[in-house]
Amino acid sequence: MKRLSPALALMLVACGAAPAAGEDEAKARAKAEAVLAQGAAEAKTGWQKGQSAPPVADTLEAEVACTLQWETWGMAINDGRLVDQVMAAMPSEIQLKPAFDIHGRWSEKALSRQDAAGGDPRPIFEASKRLRPAIEAAFDSAFTGKPGALEAYVEKLSACRNP
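Residues numbered from 1 in each chain as written. Predicted model: local features only at pLDDT ≥ 70, side-chain atom pairs only at ≥ 80, totals over all residues. Heavy atoms only, no water.

(A) How the structure looks around the pattern of salt bridges. Taken as a whole and judged by the stated rule, the model has eight salt bridges. Between Lys49 and Glu151 there is a salt bridge, and its shortest N-O distance comes to 2.5 Å. Highlighted residues: Lys49 in helix 2 (residues 25-51) and Glu151 in helix 7 (residues 149-159), separated in sequence by 102 residues. Taking the relative accessible area as the measure of exposure, Lys49 reaches 40% and is therefore partly exposed. Accessibility expressed as a relative area gives 17% for Glu151, which makes it buried. A salt bridge links Lys97 to Asp101, with the shortest nitrogen-to-oxygen separation between them at 2.8 Å. Of this pair, Lys97 and Asp101 both sit in helix 5 (residues 96-116), four residues apart, which is roughly one turn of the helix. Lys97 sits in the exposed class, given a relative accessible area of 57%. Because the salt bridges share partners, they merge into one network encompassing Asp58, Glu63 and Arg113. (Salt bridge = Lys/Arg side-chain N within 4 Å of Asp/Glu carboxyl O. Helix = DSSP H or I, 4+ residues; strand = E, 2+ residues; numbered from the N terminus. Buried < 20%, exposed > 50% of the residue type's maximum accessible area, 1.4 Å probe, protein only.)

Geometry only, nothing functional implied.
Spelled out as structure tokens, the structure:
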């Protein structure tokens, strides 16, 4: 039995499609390419759907949610949880640089709201604590092969594209 290259095995796992026992390199590569194509299609569809979403509500909760959406995505890229082959298949709007730029703008907007309300950081911390588990779970779900989960996550990113 021929072993999969570490890069291919990592890519399959990152896509939520772990290689089957005894799977050869050619079958695994075909599987990976199919998973990447499906993921790219979901991400593109999600991005397009999010562009027609209504504007993000002008509330601290909505601003923190958008900040966390982009932070979670950007950190996953930066930490290598989304391998290069996965990111290469994603729309350019959600690559590392745009992700951190958009995250920064949302963060600044939430901090400006905090400053205008007297500088108390507790509302941001409380909103983050409340929202983070669901956002991280949605991100994790997007990469476990659950149909539509990646599309839904990228749709939220797209809806939060303009702070």
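Further notes follow.
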